[in-house]
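Residues per chain are reported as follows:
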Amino acid sequence: MLSGIEHFEYCQRQWALIHIEQLWKDNGLTTAGTIVHERADDYAQSETRGDLLILRNLRVFSATLGVTGACDVVEFRRSDSGATLRGRDGRWQPYPVEYKHGGAQPYNRAGHYQLCCEAMCLEEMLSCTIPAGAMYYNKNRRREVVEFDEELRQRVRDDLASMHALFERGYTPRVKRSKKRCRSCSLVNLCLPELGSSESASSYINDRIEEVAGGLNQKTAE
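Because the structure is predicted, anything quoted here is derived from the model rather than measured.

**A closer look at the overall build of the protein**
- Assigned secondary structure in the protein consists of eight helices and six strands.
- Listing the helices and strands of the protein from first to last along the sequence gives α-α-α-β-β-β-β-α-β-β-α-α-α-α.
- Buried residues in the protein amount to 39% of all 222 residues.
- Sequence-distant contacts, at least 24 apart, represent 57% of the contacts inside the protein between residues at least 6 apart.
- Summing over all exposed atoms, the protein offers an accessible surface of approximately 13,500 Å²; the carbon and sulfur share of this is 49%.

And the structure:
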């Protein structure tokens, strides 16, 4: 899934828990993100404004990169250097826009890689060049222009190659603790479960086994 590259850039273990182990849990941040995406994820909200075509929740893929997903918004402007679109006259230059519920975070560029990956998919599908796109931050309602330079593109290729390799192995990377990132992650309790009052992991597991056994004995007695 294309959206996985943002998870992978944020935390490789988080990506594996979601995309390999199929685990998910919402928190306040993920719920806020879902609310912000409600309109962006509705293709029926697509619209035309003169020489501007706005498509929402546009499905994209790349056979070369081995990835598929959807763009929040792609703006198409009439341009002689753009791509041809089925059912529309002239040429149109694509400009992907990724929506985020918070504000820009200088230490976290994970969304930039997802946006660049979307552009690379569009380039392959439409046989065109897309030099830039934008991150839209709902917190301050502003856009941040992202240039798709070769360094960013190569990082996307490298990340996807690593993701494919890990997925084929079914391997979940070990924990790399980060106080700031772990605190914001909705999977923190699945990734780093508290051991409670147990002195070790083995004693924690034994405690859980005893709890389950006790529950089964109680049901049997009933």
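**Comments concerning the sheet that holds strand S6 (residues 142-147)**
- Here six strands make up an open sheet; going across it, the order is S1-S2-S3-S4-S5-S6 and the pairing mixed. The open sheet has two edge strands with one neighbour each: strand S1 (47-49) and S6. Averaged over all adjacent pairs, the angle separating strand axes in this sheet is 40 degrees, with direction ignored.
- Across the face of the sheet, helix H4 (residues 110-126) comes into contact with strand S2 (52-62), strand S3 (67-84), strand S4 (91-100), strand S5 (132-137) and S6 while running at roughly 155 degrees to S4.

**Considerations on the nonpolar core**
- Residues Val-67, Phe-76, Leu-122, Phe-148, Val-156 and Leu-160 are the most contacted members of the largest nonpolar core, which totals 36 residues.
- Those elements that provide at least two residues to this core are helix H1 (4-10), helix H2 (12-19), S2, S3, H4, S5 and helix H5 (150-169).
- With eight residues, H4 is the largest single contributor of residues to this core.
- In this view, Leu-122 contacts Leu-58, Val-60, Cys-71, Val-74, Pro-96, Ser-127, Cys-128 and Ile-130; residues no more than four positions away in its chain are not counted.

**With respect to the pattern of salt bridges**
- Here the structure, examined in full by the defined rule, presents ten salt bridges.
- Put simply, Arg-155 and Glu-9 hold a salt bridge, and the shortest N to O gap is 2.8 Å. Here Arg-155, found in helix H5, pairs with Glu-9, found in helix H1; they are 146 residues apart in sequence, far enough to count as distant.
- A relative accessible area of 37% places Arg-155 in the partly exposed class.
- Glu-9 gets classed as buried once you look at its relative accessible area, which sits at 14%.

**A word on unusual backbone geometry**
- With phi around 60 degrees, Gln-22 is a residue other than glycine that occupies positive phi space.
- Within the secondary structure, Gln-22 is located in the loop between H2 and helix H3 (28-40).

**Focus on the environment of Phe-61**
- Tracing the sequence through the fold places Phe-61 in strand S2.
- The sequence separation of Phe-61 and Met-1 amounts to 60 residues, and the corresponding C-alpha distance is 9.4 Å.
- Not counting residues up to four positions away in its chain, the partners in contact with Phe-61 are Val-67, Thr-68, Cys-121 and Met-125.

**Some thoughts on the pairing of S6**
- Sheet topology note: the S5/S6 ladder contains six bridges and is antiparallel. Bridged to Gly-133 within S6 is Val-146.
- Connecting the antiparallel pair S5 and S6 is a turn made up of four residues, with Arg-141 showing a positive phi of about 55 degrees.

Each value, and the rule that gives it
- Residues numbered from 1 in each chain as written.
- Predicted model: local features only at pLDDT ≥ 70, side-chain atom pairs only at ≥ 80, totals over all residues.
- Heavy atoms only, no water.
- Helix = DSSP H or I, 4+ residues; strand = E, 2+ residues; numbered from the N terminus.
- Buried < 20%, exposed > 50% of the residue type's maximum accessible area, 1.4 Å probe, protein only.
- Contact = heavy atoms within 4.5 Å.
- Areas by Shrake-Rupley, 256 points an atom, 1.4 Å probe, with all protein chains shown as cover.
- Pairing = 2+ DSSP bridges.
- Axes fitted to C-alpha atoms, helices over the stretch in contact; angles between N-to-C directions.
- Core = buried A, V, L, I, M, F, W, Y, C linked by side-chain atoms within 4.5 Å.
- Salt bridge = Lys/Arg side-chain N within 4 Å of Asp/Glu carboxyl O.

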